[in-house]
Structure formats: C-alpha cells, structure tokens
Amino acid sequence: MKSHARVVVVGGGVVGCSVLYHLAKMGWTDVVLLERSELTSGSSWHAAGVIHTINSDPNIARLQKYTIQLYDEIEELSGQSVGTHRPGGIYLASTPERLDYLKQERAKARYMGLDTEFITLKEAAELNPLIDPSKYLGALFEPVDGHIDPSGVTHAYAKSARHYGAEVHCNTPVLETNPRPDGGWEVVTSNGTILAEHLVNAGGLWAREVGRLAGIELPLQPMEHHYLITETIPEVAAHGKEIAVTVDYEGNAYTRQEHQGVLIGTYEPACKPWAVEGTPADFGHELLQPDIDRLADRLEIAFERMPALARAGIKDMINGPFTFGPDGNPLIGPVPGLKNYWAAVGVMAGFCQGGGVGLCLAEWMIEGEPSVDVWGMDVARFGEFATPDYGTIKAAENYSRRFILTYPNEELPAARSRKTTAIYDRLVAKGAVMGAAFGLEHALWFAESPETAEETPTFRRSNAFPYVAEECRAVREGVGAIEIANFAKHEISGPGAEAFLDRLAANRLPKQGRLALTPLLTPKGRLYGDLTVARLGDESFAIFGSGAAQEMHRRWFEQHLPESGVTYRNRSDELHGISIAGPHSRDLLARITRDDVSAEAFRFLDIRRTAVAGVPCLLARVSFTGELGYEIYCAPQYQLALYQAIEREGADLGLKWFGARALMSMRLEKNWGVWTLDFRPDFTAAESGLDAFIRFDKNTPFIGREAALAERERGPVKRLVTLLVEADDVDVNRDEPLFHNGECVGYVTSGGYAHTCGHSVALGYVPSELVTDEAVFEVEILGERRPAKMQPRPLYDPDGERMRG
Ligand SMILES: Cc1cc2nc3c(=O)[nH]c(=O)nc-3n(C[C@H](O)[C@H](O)[C@H](O)COP(=O)(O)OP(=O)(O)OC[C@H]3O[C@@H](n4cnc5c(N)ncnc54)[C@H](O)[C@@H]3O)c2cc1C
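### Considerations on the packing of helix 1 (residues 14-25) against helix 5 (residues 150-163)
Across the interface, helix 1 lies against helix 5 with an axial gap of 8 Å and an inter-helix angle of 25 degrees. When the axes of helix 1 and helix 5 are compared, the pair comes out roughly parallel. Both helix 1 and helix 5 take part in a crossing whose hand is left-handed. Each of Val14, Cys17, Ser18, Leu20, Tyr21, His22 and Ala24 in helix 1 lies in contact with helix 5, whose residues at this interface are Val153, Thr154, Tyr157, Ala158, Ser160 and Ala161. Grouping the constituent residues of the contact of helix 1 with helix 5 by class yields nine nonpolar, four polar and no charged.

This is the structure:
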C-alpha cells in the first residue's frame, strides 16, 4: 500500500467504488479505496438490485438515469458482468391523488430526457400478468427500469477504476482519520498509514462510525428491510418474457422477476431502525432475523392486487439493513467545518443513485463544483439540529412513508418542535400552522384558532387559501408582522473583511449603514447565493440569506477565508427577529423606537444598530413583501419583548400576523425569485436576471467575473420569466414543464397564487429567443396544459414606489 494518495475513499460498497471509478476516469488516478473486509461487505451484497429513474427531485431523477445508463459502460470496460435486465418498470396508481402524482412525474420526464409514458391498464397487465388491472386507475411505464446484479455492479466499478490506475485494498479497515495542518488527512489502517489530500467517507452501514473517526456525527440510520422470493409462479413461467419491474404504491410493494418466481419487497410502517447506537464493527456478510409479522398486513394488500402471489410458496426471505438520511436522499459533498473531507453517505438506493453520486462528487472534487445543482443531496442541507436522534426518527419516518404520498403543502410530523423561538407558543396560540425549515419551527399561515390550525394535504389549493388571502390583504392595506428567525445571518469581521467579501460578492459592497443585494457566483459563473450585505462598521458586515442554505454558505465563506485577518460566524441562531410590513408599518415602528424613522431619516435599504421596544436590535428598512417594511433582528432572549410591543402598539393599526405562505405569495407579484427554487447553481446570474446586481466595473476581480462577463457578451441561453397562468383550483408548485407551440421548452421553478392581484403565477426558465413581452406558453399542471402568458413587469407596484416610499 502506498504512503500517500490524492484521495482515500473509505468503503468498498457500490457508492465508494463508484466514487473511485469517477475520480480515476476524470483524471485523478492517484486514488485509493480502503475496504475493511471484501467489496460489497455492507448493504451492497444483499440488495434486491432494482433500478428505476423516478425521484421527485428532477436532478436526482436525471442522475438515476445516468446511473442506469452507466452499467453498459462499466460492464464493457471491466469485462465483469453486471447482470442487467431491462424489462422496463411500471408505476401503478389506485387513488386519484396517486394518479395526479404520476401525472406530475410524467410531466417532469418531458424535459428530463426520460421516455416515461402512460400506458393503459391492459398494457400494464400484459407487461406484468400478476396484477389485477381492475384495482388500479393508471400506470406509468419507464423503459429503462429493470434490475442488476449488485455484486457484479460493485466489482465492475472497482475493476473499471483499476483500469484507470486506481488502487483497491480489501481487508484494510480504517482505524483513525486525523486532520493534518496542511489540510490533508492521516489515514491509519491495520496495514499502515496513508497521507491523503482528500478523504471520502463512503462507509455505508458504518458511515456514522467512519464519521466519528473525524469527530463528526452524521444524521444517518440503518433500517431493516425485507424482501421475499417466491417459488415458481405459473403465470410468470408462462409469460414468455421477463415481467416488468412494478411499483404498486397503495399496495406498498415493489416486485421484479427472480427466475420463474418473483421478488417482492415492502416498506412497512411498523419499521425497525437497526443498530441505533452504532453498527457493530464485526458485522459482516450477515443477514438479520426475518420478521414476517411486521410485513403481514402490507403483504395482504399486495396479494389482493396480485392474487397469484398469494398462492405462491415462499422460497427465501431476506432481511438486511441499509442506511437512510433524514429525508431519504443521499448526503454528499464537502462537510462544513472540515477541510478536504467529503461525504458520500446515506445512499439508500445505491444501485439507482450510486453512479450519479460518484459523478457529482468527482466533479465537485476535481472541478470545484458539480455540473448540476445537487442541493437535494448536499450534506450541508442539515446542520447542528440534525442530531443522531433526529437522524433515527426522520429516517424511520422516511422509510415508512416510502410509498405514501407527500403533498407539496405537507409538513411531515416526525422530530418536530425541537427547535423553537421565544414566541413559538404565542404564535401557536394565535392559530399558526407551523412548518420546519432547517429544523426551526416557523409560521406558514394562521387559522382562526389552535383547534382549527390544520392544513389538508393536497396538490390543489388548500383550506389555507382564504386565510393567506386575508394575511396578504392586511399587509398590503395596513400592517402585518412575520417572524424572521429562520433567515440566515452571517457575520464577517476583521481588518481583511472588506477585501474578502469584495472578492466573493459580485455587487459593490454597500456604504456604512446601508444594505446591498449581491449574487455570489461560482468560478463557472453559476449562482451560489443571493445575499443581502450590510456594512455595520469599517470592519464589520452582516449578511442575510436563505435560512435553508446557511451551512452551504458557511462552507463557501470558510472555504475562501484567508489565513488571517477575517473572522466568519454563522449567527443565524443568535439573531432572531420580527419583520413588520405594510403602509402602517412606519407608524407602528415610530411608536416602539425613539429613533426618527421618517422617510428622510431612515431610507429604503438603511440599516442601523439601535433599540426597538427597548431591546437592542439591528433595524433594516427592507421587506420581501414589496411594501414599506422593516426587519428587526434581536437576540432570542429579547424577542418576546419585541413581540409584545408590536402586539400592543399595532392593535389599533389593524396589525395582523402573517406567515411564509403570504410572504411567498406577495413576492410573486413582485417577480422576485427565491433561493433553492428560482435561484440556484443550475442557473447563471444573467439567466436569472440577478446580473442586474453585478458591478463588472468594480476594482476587485470577484469570483465568477470572467464567466459572467463572457455570458453577458454572448447572452444567456435561457431566462427566468414570470407568467400568468389560466388556472382554476390548482396552481403550479415547481418543476412543471413549459411548452411553446406544443414543444417542451423549459420548466417552472416556483409559483402559486398572487392574492392581491388575483392571478395564478409561475416563475420558470425558457429559451431567451422566446422571451418577448407578448409571448404565450403553456404549462402542464396535473396532466392539463394551461395557457401562461408573459408578465414582464411586476404585477404589483411595478416601480417599487411603495417599498421606497
Ligand atoms: C434488503 C435490501 C434491498 C435493497 N434493494 C435495493 C434495490 O433494489 N435497489 C437499490 O438501488 N438499492 C437497494 N438497496 C440499498 C443498497 O443496498 C444500498 O443503497 C447500497 O448498498 C449502499 O451502498 P454503500 O456503498 O453506501 O454502503 P455499503 O454497501 O454498506 O458499503 C460500505 C462499505 O464500507 C466498508 N467500511 C465501513 N467502515 C469501514 C472502515 N472503517 N474501513 C474500511 N472500510 C469500511 C464496509 O465494509 C462496506 O463494504 C437494498 C438494501 C437492502 C438492505
């Protein structure tokens, strides 16, 4: 074994081998994989081997398709059979809501390059003679789905990686991983020590233990999972060709052919986390004791829909553990807080996703950024709140809901109310329907009372609709208040702070006491943030941004920090606060501060340290509602006092509390996008329109300048547009395809109902050449195409007079 490597990958399951393969293929050949036992010694050897493309995140779905297509390549390169079977996959719906879900998945496939298509139930029964078509309402068919040999795939990756020069060492457990002063890692194994420039944790079932070697806790949990293999089933034997891989959501079962019988798996609600305290070091090529009782009620439903299964004998029953992240998606990328430490963990469908994970991680390591936005898999979408306990509870929730619909307006109940603010109880008492963002509870909207504070999960407009309308009206006509504890707040200070930030921010930094919106760009010119920067002093800046992306941005800041002279802090949990907005918000503010807050004395985009409600605050004149408004940030211990003062002094001004739903509605009528939806690394500044905030003429050559300049010269290929949709009881959510003259030309990134203006609105990206003031597109919502016409100017207060007033 060599003593130095550019990368050491820990773990020889399908994920570690895929990472190794992609690194070597892309040119980093000085890479070593260390496996404690033999390859596939974790979850990988006992997988059912089913491969499918469907994932509600379109980028992950694309990567699943990439993974499946890769199998021919690695088979050819390695000479190792991967045992591919591609009978295609069918997805069955037996409720109208599930049919709506399938329509959405079909719609996304239109721009993802997938050939997913609806087939008749008769056709479905021809592809899988076991199903009783009378039990279903619809079937979606995906031709690339099938199954593979898990061991063959893992070995094919490893052999292909070796082909490019990578090394694989089995029976080499990693015992210690110690950070080195040069940013690299000392990797201590039973067979010696390797110094690595980069370390990848691909420990699968032991990812938590491998993480602890570096002092981190990953919110992962292995779950027990069963599948059964039947004896020969006459209908399968007589079929003449392989039956299609089938997912029956309401039947809670997936099936594929195995010899002349069937392999059937289920995700039982009575699920069982395995090895909660830690995966035993000596767990080897072992299986767990099957527990058929846990599955019995699920199997009964499946047998009703596939009656031949009920008559079949059971040949084998497998119970094996595999690792889930809190939301069921992988956790990949550079781990915030550590140098050159990469995660490739929590991959619960390694044979569907392993290729995509390997590709993105290798691109990230070699090229500095993945080629697509991998937010849905980014390890930074979790932070301190995601404790091991949180990981266990959420993983179990995700497992048990695998075949249960989650609606776009639905907030999942597990591990809730752990992170709350000082006014949580007050808001709940007012009827707040709560959501959780980055672990923190925040109000979505307000019902009449706590007793009625419930939202019906739906794809269509929900019971929240009239309440959100009323909240928007109150803000537009009077004054509203919203808690803003869940915004991210970053602090950058020190003698080098200005120079540091100036290199990261594409806009010019504001003067003291002022705010400025700035894009952050990657070296390739893609968006990495839309932040509001405030200069609080000569050497002190506050930065406000997406709460969800706070660890992602922390990682970006820390990655670029100079050796000395600049201090960075994520202060999101130290600064909570309340925003007030609406034409009466100035009157309200004037009542609770001694400052002169007249239009002349406290202008739009001013910020200052002061006292409001008698407590120390940061007061900014800005509001995401598009109204005259203020953001008041204070330490959590002062927030109750601020709340009480706003309540008391706002009462006769018609104060109404509003939630995130109303805020998102109001920003739509201003044509404003939001981070993680309309603004993300899939798009550039020019595409998103955020180039309006770039100052190419500033002296500092900021990150991404060259790429953004080149794009400005050639013009963006696509552009973010706002569209008015002819909708009735359903609005876009995200990811709906956009058509022009019958051809799919783009997709929606966000949308909803703009209550003040009374329009259904969609934001989405379309080719630049189609963007004219009069352009008309069509958007497909739940299977129906609806006209969507351009709205080039904001629907509400297009000149921004109200917010500047
Ligand atoms: C019953 C069952 C059915 C499944 N069916 C499917 C399916 O149909 N389709 C699908 O896509 N997925 C399926 N899966 C999931 C799939 O098996 C996993 O997603 C996949 O195996 C995860 O791979 P991995 O490489 O992340 O982890 P693992 O396979 O667990 O690999 C981790 C490796 O790291 C090694 N390691 C750990 N610690 C150390 C250390 N300190 N030093 C060196 N090496 C170390 C281990 O020995 C192990 O080999 C199934 C899983 C189960 C249990």
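### Notes on the side chain of Asp248
By secondary structure assignment, the location of Asp248 is in strand 13 (residues 245-248). Classification of Asp248 as buried rests on a relative accessible area of 0%. Reaching out from Asp248, the side chain makes a polar contact with the side chain of Arg305 at a distance of 3.0 Å. Sequence-distant contacts of Asp248, that is, excluding residues within four places in its chain, are made with Leu92, Tyr136, Ala253, Arg305 and Met306.

### Some points on the sheet that holds strand 14 (residues 253-258)
Across the sheet, eight strands lie side by side as 5-6-4-13-14-15-12-16; this open sheet has mixed pairing. Edge positions in the sheet fall to strand 5 (117-119) and strand 16 (314-324), since each of these pairs with one other strand and no more. For this sheet, the mean inter-axis angle between neighbouring strands, taken without regard to orientation, is 25 degrees. Examined bridge by bridge, strand 14 and strand 15 (residues 261-265) share five bridges and lie antiparallel to one another. Considered in strand 15, the bridge of Thr255 is made with Ile264. The strands touched by helix 3 (residues 96-112) within the sheet are strand 4 (89-93), strand 5 and strand 6 (138-142), with strand 4 carrying the most contacts at an inclination of about 140 degrees. Together, strand 12 (221-230), strand 13, strand 14, strand 15 and strand 16 form the strand contacts of helix 8 (residues 292-305), whose direction differs from that of strand 12 by roughly 50 degrees.

### A word on the site of the ligand
Close to the ligand lie 38 residues, the nearest being Glu35, Arg36, Ser44, Val347 and Gly350. Between the ligand and the protein, one listed contact pairs an oxygen atom with a side-chain N or O atom of Glu35 at 2.6 Å. Leu205 is positioned such that a nitrogen or oxygen atom in its backbone is 3.1 Å from an oxygen atom of the ligand. Relative to its unbound accessible area of 990 Å², the ligand is 96% covered by the protein chains. Secondary-structure elements contributing two or more residues to the shell around the ligand are helix 1, strand 12, strand 16 and helix 10 (350-367).

### Digging into the environment of Ala469
The residue Ala469 is located in helix 13 (residues 465-477) in this model. The spacing of Ala469 and Ala662 is 193 residues in sequence and 7.3 Å in space, taken between C-alpha atoms.

### Thoughts on helix 1
In this model, helix 1 (twelve residues) spans 16 Å end to end at C-alpha, consistent with the 16 Å of a helix rising 1.5 Å per residue. The element helix 1 is largely enclosed, with a buried count of eleven among its twelve residues. Val14, Val15, Gly16, Cys17, Ser18, Val19, Leu20, Tyr21, His22, Leu23 and Ala24 are the residues of helix 1 that are buried. Just downstream of helix 1 lies Gly27, where phi reads positive at about 115 degrees.

### A closer look at the packing of helix 2 (residues 58-78) against helix 10
Helix 10 packs onto helix 2 with a crossing angle of 100 degrees between their chain directions and a minimal axis gap of 7 Å. By the criterion of interaxial angle, the relationship of helix 2 to helix 10 is roughly perpendicular. Where helix 2 approaches helix 10, its residues Ile60, Leu63, Gln64, Tyr66, Thr67, Leu70 and Tyr71 are matched on the opposing element by Phe351, Cys352, Gln353, Gly354, Gly355, Gly356, Leu359 and Cys360. Of the residues that constitute the contact of helix 2 with helix 10, the class distribution is nine nonpolar, six polar and no charged.

### Structural notes on the sheet that holds strand 34 (residues 743-754)
Sheets are built from strands paired through backbone hydrogen bonds, the pairs being either parallel or antiparallel. With antiparallel pairing, the six strands of this closed barrel are ordered in space as 32-35-34-33-36-37. Between one strand and the next, the sheet's axes are offset by a mean angle of 45 degrees, whatever the strand orientation. With three bridges connecting them, strand 32 (residues 718-725) and strand 37 (residues 784-790) associate as antiparallel partners. Directly across from Leu724, in strand 37, lies its bridge partner Lys789. The strands touched by helix 18 (residues 660-668) within the sheet are strand 34 and strand 35 (759-767), with strand 34 carrying the most contacts at an inclination of about 125 degrees.

Cut-offs applied
Residues numbered from 1 in each chain as written. Predicted model: local features only at pLDDT ≥ 70, side-chain atom pairs only at ≥ 80, totals over all residues. Heavy atoms only, no water. Axes fitted to C-alpha atoms, helices over the stretch in contact; angles between N-to-C directions. Helix = DSSP H or I, 4+ residues; strand = E, 2+ residues; numbered from the N terminus. Parallel < 35°, antiparallel > 145°, perpendicular 65-115°, else oblique. Left-handed = near helix turned anticlockwise from the far one by under 90°. Contact = heavy atoms within 4.5 Å. Nonpolar A, V, L, I, M, F, W, Y, C, P; charged D, E, K, R; others polar. Buried < 20%, exposed > 50% of the residue type's maximum accessible area, 1.4 Å probe, protein only. Polar contact = N/O pair within 3.5 Å; in protein donor to acceptor, adjacent residues only side chain to side chain. Pairing = 2+ DSSP bridges. Near = heavy atom within 4 Å. Areas by Shrake-Rupley, 256 points an atom, 1.4 Å probe, with all protein chains shown as cover. Expected span 1.5 Å × (residues − 1).

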